[in-house]
Amino acid sequence: MEKYISLQDFEDAATNVLAKPAMEYFRNGATEQQTLAENRLAFRRLRILPKCLMGITGADLRTTILGHEVSMPVGIAPSAMQKTAHHDGEVAIAKAAQAEGTIYTLSTASTCSIEEVASAAPDAIKWFQVYVFRDREVTRKLVMRAEKAGFKALLLTVDTPVFGIIRSDIRNSYAFAEHLKLANFVEYFSKSDNADDDMKDYVGKLFEKTLTWEDVKWLKSITKLPVIAKGILRAEDAVKAAEMGCSGILVSNHGARQLDGLPATIEVLPEVVDALKNYNVEVYMDGGVTTGNDVYKALALGAKMVLVGRPALWGLAVGGQAGVQRTLNILRTELESTVQIAGTPTVADITRDMVRHESSFRK
Ligand code: FNR
């Protein structure tokens, strides 16, 4: 895997490994894909202002996430149907996260089950992403299984009353491969149930459209695990989530797959962080992170951790577990370089004044 030296190298290589419809399913964003581009471009508009002669002796990227020590503030965001990228699927990414000492989030719509992932990566810090089903009992059972399997938190996706419009999926009539199953609820589906239906449409029909803040309370009431709200972009929503008892907020626009024309996540992160300064809630972000520099900028603007979605899928497609580990290691190496040259060798040193918007340099 040593020949890959940037996350872009992995994305380019994935293009050669994956069939075009699968590549487009993973890569693309909603409608005009403006937000997809902005998620990355907005990082470029931020500049790092290094401190000199800081007597640097090394980098220390360790931090604590909801009480668990991680080796660096970079975790894996949930994404559906990971066996589409590689036959080892979710298990390979979870094992990579375990080997690298960081967090893995399993999607509700996974192709390996909660239990398979737990037994393959028992020491990984695992989170479970929750889509609430119309039949609450389905969700309740999934949550109980995640608890029993040793998952450490629930990531409740709050930005998906319906799935966004991804034009390439429509053009490609994209459907997941026949042999892939939604491993967490094989008991609920028989093959004939979804034989005529695109699996995404089929699952979409089963998810609860009418979720409200009351459902956050409901989720809290059925579990001892901390709940993190995934998909918050407005400060007032962050405060609501905190008041409903969420332990964390993931500032996310779902990798620009839901609604186009949204701000880049890095743009709204400071507002959310500021709104929560009197709450005991951790703030994370995802969307468009592809370099250690990006991670650094997110940390400076107040994120406790960033999550990566597509980069893990490119690593998985190209090299299975080893590809994901290499992806995480590239981010680690780049972040270690950045923190040292910026004169802020530990995560706690990375304060907001380390980063300025490019517009502040113009007269
Ligand atoms: C996702 N994402 C996602 N989120 C979620 O809550 N449940 C899910 O099942 C999925 N599935 C999914 C599939 C694919 C192919 C992608 C690319 C993304 C969103 C994901 O968790 C995360 O928010 C974004 O991927 C982060 O942006 P980047 O890192 O991909 O730019």
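Check the entry above for the structure.
The rules we used
Residues numbered from 1 in each chain as written. Predicted model: local features only at pLDDT ≥ 70, side-chain atom pairs only at ≥ 80, totals over all residues. Heavy atoms only, no water. Helix = DSSP H or I, 4+ residues; strand = E, 2+ residues; numbered from the N terminus. Rg over C-alpha atoms; globule rule 2.2 N^0.38 Å. Contact = heavy atoms within 4.5 Å. Areas by Shrake-Rupley, 256 points an atom, 1.4 Å probe, with all protein chains shown as cover. Lys, Arg positive; Asp, Glu negative; His and termini not counted. Charge placed at Lys NZ, Arg CZ, Asp CG, Glu CD. Near = heavy atom within 4 Å. Polar contact = N/O pair within 3.5 Å; in protein donor to acceptor, adjacent residues only side chain to side chain. 1 Å grid on protein atoms, 1.4 Å probe; cavity = no way out; pocket = protein on both sides within 12 Å on 5 of 7 lines; lining within 4 Å. Sits in = over half its atoms within 2 Å of the grid points. Points joined across faces, edges and corners; volume = space filled by probe spheres on them. Nonpolar A, V, L, I, M, F, W, Y, C, P; charged D, E, K, R; others polar.

J.: In this structure, what is going on with the overall build of the protein chain? I would like to understand it.
T.: Counting its regular elements, the protein chain contains 14 helices and 12 strands. The C-alpha atoms of the protein chain give a radius of gyration of 20 Å, which matches the 21 Å a tight globule of 363 residues would have. C-alpha atoms of the protein chain, sized along the principal axes, occupy 65 × 45 × 40 Å. Restricting to contacts in the protein chain with at least 6 residues of sequence separation, those with at least 24 account for 75%. Of the roughly 15400 Å² of accessible surface on the protein chain, 52% is carried by carbon and sulfur atoms. If the 43 positive side-chain charges of the protein chain are averaged to one point and the 45 negative ones to another, these points end up 2 Å apart.

J.: I would appreciate a short explanation of the site of the ligand in the present structure.
T.: By nearness alone, 23 residues border the ligand, and Pro78, Ser107, Thr157, Asp286 and Gly309 come closest of all. Between Ser107 and the ligand, the recorded distance is 2.8 Å, taken from a side-chain N or O atom to an oxygen atom. Gly309 is positioned such that a nitrogen or oxygen atom in its backbone is 2.9 Å from an oxygen atom of the ligand. The fraction of the free accessible surface of the ligand (600 Å²) that becomes covered by protein chains is 97%. Applying the majority rule of atoms within 2 Å of the grid points places the ligand in the largest pocket.

J.: What is the right way to read the layout of surface pockets from this model?
T.: To locate leftover empty space, one rolls a probe as large as a water molecule over the atoms. By volume, the largest pocket is sized at about 890 Å³. Lining the largest pocket are 50 residues, and of these Phe26, His254, Gly255, Arg257 and Arg310 lie nearest its centre. Residue assignment for the lining of the largest pocket shows that the elements contributing at least two residues are helix H1 (7–17), helix H2 (20–27), helix H3 (34–44), helix H9 (199–206), strand E11 (305–308) and helix H14 (310–341). With 5 residues, H3 is the largest single contributor of residues to the lining of the largest pocket. Split into classes, the residues belonging to the lining of the largest pocket amount to 25 nonpolar, 17 polar and 8 charged.

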